[in-house]
Amino acid sequence: MTDHYAVIGNPIAHSKSPQIHAMFAQQTGQDISYEAILAPLDGFAEVVGQLRKTGYKGCNITVPFKFAACHIPTQLTSRAQAAYTVNTIKFDGTSIIGDNTDGAGLIADIEVNLRFLLKGRRVLLLGAGGAAYGIVLPLLEAGATLSVVNRTLAKAQQLGAAFSAKGHLDIYSYPELNGLSFDCIINATSSGLSGEMPPLPPRIFTPGALAYDMTYGQETPFMKFAREQRAAGVADGLGMLVEQAAESFYLWRGVRPGTLPVITAMRSK
Ligand code: ATR
């Protein structure tokens, strides 16, 4: 019998998750379906409730519902608690488990696929929204020395306070970055989606630095800037997308799919 899964967001038409999970299912011989569902901005909880009622086994949650998704599960994994956001739900009998696989996906892509070890590196995180929250603790746990910059400084300060018990974060406004440099800069803002560039100063990359944009499917102004500034590595978020999906698939199915063939296939599309 086919088990049903979905990704819920708004907008959602652009989502590559159905293709990725279809490849995982084929590769591992798991009998699942996976579709993209558009939820009204004021109707997210109802959509999840409906899926559960109709026998779905789980779902992924994407923008803008990752914070709201924390209120639905009966239990949150430690990763979801630490991220203050949920991107994966598993319906498990009477339980609803909420997890967050974004951070694990990012670290796997940076450290395993891109072979850039984070321990002891000076990492600058751009943004203080849901995407940023999901990756702070995994970056700290990977041993990075973490700084955060955000257009609205108060939101970066709020993020710093939320994680103060887990580790120290240096919080900056963009003008304060003048003269500083970092080994890795991760763009967790939504600026790329609107073709905008976070106002980074020149010479911000150290030699050998990695520029990582969590956006995928396009060369963002941040990636273009990083190439102009001679960052040694420039990556988009496709690898993270596939890695976080693999982690969700593992939570649901207990089987870990191979990610590299899927990343390669998605890139060639
Ligand atoms: P998400 O859940 O995807 O993180 P979000 O909560 O709307 O989305 O957060 C978007 C982030 O991108 C915010 O940190 C936002 O900065 P503000 O808090 O100042 O709004 C950041 N952002 C969006 N466009 C930006 C731009 N052009 N330059 C810099 N930061 C930008």
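Residues numbered from 1 in each chain as written. Predicted model: local features only at pLDDT ≥ 70, side-chain atom pairs only at ≥ 80, totals over all residues. Heavy atoms only, no water.

### Topic: the site of the ligand
Inference 1: Near the ligand, the surroundings consist of 16 residues, among which Asn-150, Arg-151, Thr-152, Lys-155 and Glu-196 are the closest.
Inference 2: Within the backbone of Ala-131, an N or O atom sits 3.0 Å from an oxygen atom of the ligand.
Inference 3: Contact distances for the ligand include 2.7 Å between an oxygen atom and a side-chain N or O atom of Asn-150.
Inference 4: Protein chains bury 78% of the 650 Å² of accessible surface belonging to the ligand in isolation.
Inference 5: The class makeup of the residues in the shell around the ligand is 5 nonpolar, 8 polar and 3 charged. (Near = heavy atom within 4 Å. Polar contact = N/O pair within 3.5 Å; in protein donor to acceptor, adjacent residues only side chain to side chain. Areas by Shrake-Rupley, 256 points an atom, 1.4 Å probe, with all protein chains shown as cover. Nonpolar A, V, L, I, M, F, W, Y, C, P; charged D, E, K, R; others polar.)

### Quick word on the sheet that holds strand S1 (residues 3-9)
Inference 1: The strand order across the open sheet formed by 6 strands is S2-S1-S3-S5-S6-S4, and the pairing between neighbours is mixed. Edge strands, defined here as strands with exactly one partner in the open sheet, are strand S2 (32-38) and strand S4 (75-76).
Inference 2: In this sheet, S2 lies alongside S1 in parallel orientation, the contact comprising 7 bridges. By the bridge assignment for S2, Gly-9 is matched with Leu-38.
Inference 3: Lying on the sheet, helix H1 (residues 17-28) is in contact with S1, S2 and strand S3 (58-61); it crosses S2 at an angle near 175 degrees.
Inference 4: Contacting S1, S2, S3, strand S5 (88-92) and strand S6 (95-99), helix H8 (residues 238-253) runs over the sheet at an angle of about 10 degrees to S5. (Pairing = 2+ DSSP bridges. Helix = DSSP H or I, 4+ residues; strand = E, 2+ residues; numbered from the N terminus. Contact = heavy atoms within 4.5 Å. Axes fitted to C-alpha atoms, helices over the stretch in contact; angles between N-to-C directions.)

### Some thoughts on unusual backbone geometry
Inference 1: Going from Asn-10 to Pro-11, the amide bond is cis rather than trans, its omega being 5 degrees.
Inference 2: As for its placement among the helices and strands, Pro-11 is situated in the loop between S1 and H1.
Inference 3: Cis peptide bonds are those with omega within 30 degrees of zero, and the linkage from Val-63 to Pro-64 qualifies with 0 degrees.
Inference 4: Relative to the elements of secondary structure, Pro-64 occurs in the loop between S3 and S4.
Inference 5: Positive phi is not limited to glycine here, since Arg-203 has a value of about 60 degrees.

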